[in-house]
Amino acid sequence: MKINPEIINALKENKPVVALESTIISHGMPYPKNVETALKVEKTIRDSGAIPATIGIIDGEPIVGMTPEEIEEFGKRKGILKASRLDLPVIYAKKLWAATTVAATMIIAAQAGIEVFVTGGIGGVHRGANETMDISADLQELAKTNVTVICAGAKAILDLPLTMEYLETMGVPVLGYQTEELPAFYTRESGLKVNYRVDSPKEIALIMKEKKANNLNGGILVTNPIPKEYALDKSAIDFAIEKALAEANKQGIKGKAVTPFLLKTIVELTDGESLESNIKLVLNNAVLGAKIAKEYKEL
Ligand code: PSU
Ligand code: MN
């Protein structure tokens, strides 16, 4: 893999590094907001005292620490694939370009030696999974790969109770940052409880340290609620989600196309309002992720 020299140095000097995914750029937001956001997230991480490492795959080579030009390309270029765990060997062999999902980003981050990763929302158990078996590979990855993922919970496009059950079965601790309740991405509430509430980045860093010291493989999921002022009205967003799900059904959208289709349709149905919330919550996660990475290095 190609690791940016700044990140090689940071890792050598035991400085805090935060991984970032690229599926959110290529398949999660429209151009040019996707690029603007990715660059803002990187800046926020720097301003909060850590070094950002955006991860993607160019010509079959994993890139850890993409340049602003590469981020621009990932935001703009058509035909960039979406890579989860199963896609990696094929994309490497065929020397393709691919954006990495939470699962694939975790794999590459862990291989590079990065233990903290910030994103917006993770994949999960889809509604209707009892028939379709559509369960994101992100959940399996959280069960086995040693990376702490900071997110704003999961979107209600998913079956949140089943997603929590699945994570419990797989042994993934779900922590709520300053909350007992699992946040639902656009909203702070889901009606579900997280496994444990944590109140400071230091507390999270200590949990990471114990997990490592005791060889407890797998990730930690930190759920950070969207700031109140940016949260969306629950009934409005639920309406858009229901409509998007119905549309996906009608058009017969399947497999890895499902999540990008739903995200795009929700942005359209809310006239971009959901996109603004999405951007704010990612920035909010970036601040927390940088603080966790810093505390972890200072232990
Ligand atoms: N949820 C979001 N935004 C995203 C994704 C999920 O709110 O951009 C992306 C992430 O990269 C996640 C992936 O890992 O979708 C999950 O896709 P799937 O459901 O196909 O596993
Ligand atoms: Mn799926």
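The structure we're discussing is the one just above.
Calculation notes
- The written sequence of each chain sets the order in which its residues are numbered from 1.
- Chain letters start at A and ligand numbers start at 1, both assigned in the order the entries are written.
- Under the rules for a predicted model, residues below a pLDDT of 70 receive no local features and side-chain atom pairs below 80 are neither given nor counted, while totals for whole chains, interfaces and linings still include all residues.
- Excluding hydrogens and water, the side-chain values take into account all heavy atoms of the structure.
- Secondary structure elements follow DSSP: runs of H or I no shorter than four residues count as helices, runs of E no shorter than two count as strands, and numbering proceeds from the N terminus.
- Radius of gyration here uses only the C-alpha atoms, and the compact-globule reference equals 2.2 Å multiplied by the residue count raised to the power 0.38.
- Three labels apply to residues, based on accessible area from a 1.4 Å probe with only protein chains included: buried if under 20% of the type maximum, exposed if over 50%, partly exposed otherwise in between.
- Contact definition: two residues touch when any of their heavy atoms are within 4.5 Å.
- Computed with the Shrake-Rupley method and a 1.4 Å probe, the accessible areas treat only the protein chains shown as cover for residues.
- Only buried residues count toward a nonpolar core. Its members are Ala, Val, Leu, Ile, Met, Phe, Trp, Tyr and Cys residues joined through side-chain atoms within 4.5 Å.
- Paired strands, as defined in this entry, are two strands with at least two bridges between them according to DSSP.
- Working definition: residue near molecule or strand if any one of its non-hydrogen atoms lies within 4 Å of it.
- Between N or O atoms, a polar contact is any pair within 3.5 Å; within protein, one atom must be a potential hydrogen donor and the other a potential acceptor, and residues adjacent in sequence are included only when both atoms are from side chains.
- Note that Gly is not counted as nonpolar here; it falls among the polar residues with everything else outside the nonpolar set of Ala, Val, Leu, Ile, Met, Phe, Trp, Tyr, Cys and Pro and the charged set of Asp, Glu, Lys and Arg.

### A closer look at the overall build of the protein
- Of the regular secondary structure elements, the protein holds 13 helices and eleven strands.
- Relative to a compact globule of 299 residues, whose C-alpha radius of gyration would be 19 Å, the protein shows 18 Å and is just as compact.
- Over its C-alpha atoms, taken along the principal directions, the protein stretches across nearly 50 × 40 × 35 Å.
- Burial statistics for the protein: of 299 residues in total, 53% are counted as buried.
- The contacts of the protein with a sequence gap of at least 6 include a subset with a gap of at least 24, amounting to 73%.
- Within the structure as shown, the protein displays about 13,400 Å² of accessible surface, and the carbon and sulfur contribution to it stands at 53%.

### Some thoughts on the nonpolar core
- With 86 residues, the main nonpolar core has Ile 122, Leu 142 and Leu 221 as its most contacted residues.
- The element that contributes the greatest number of residues to this core is helix 13 (residues 273-298), accounting for eleven residues.
- Once residues within four sequence positions are removed from consideration, Ile 122 is found in contact with Val 102, Asp 138, Leu 139, Leu 142, Val 149, Cys 151, Gly 153, Ala 154, Leu 158 and Leu 221.
- Counting residues in hydrophobic clusters, the runner-up holds eleven residues, among them Ile 25, Ile 63, Phe 74 and Ala 99.

### Regarding the pairing of strand 4 (residues 61-64)
- Relative to strand 4, strand 1 (residues 2-3) runs parallel, the two being bridged by two bridges. Residue pairing in the sheet places Ile 3 in a bridge with Val 64 of strand 4.
- In this structure, the hairpin formed by strand 3 (residues 51-58) and strand 4 is closed by a connection of two residues, where Asp 59 is found at a positive phi of approximately 50°.

### Description of the site of ligand 1
- Taken together, 15 residues lie around ligand 1, and Glu 21, Lys 82, Ser 136, Asp 138 and Lys 155 are the ones closest in.
- Between ligand 1 and Glu 21 there is a distance of 2.6 Å, counted from an oxygen atom to a side-chain nitrogen or oxygen.
- Note that an oxygen atom of ligand 1 is positioned 2.7 Å from one of the side-chain N or O atoms of Lys 82.
- Burial of ligand 1 by the protein amounts to 93% of the accessible area it has alone, namely 470 Å².
- Secondary-structure elements contributing two or more residues to the shell around ligand 1 are helix 2 (23-26) and helix 12 (258-269).
- Classifying every residue of the shell around ligand 1 by side-chain character gives four nonpolar, seven polar and four charged.

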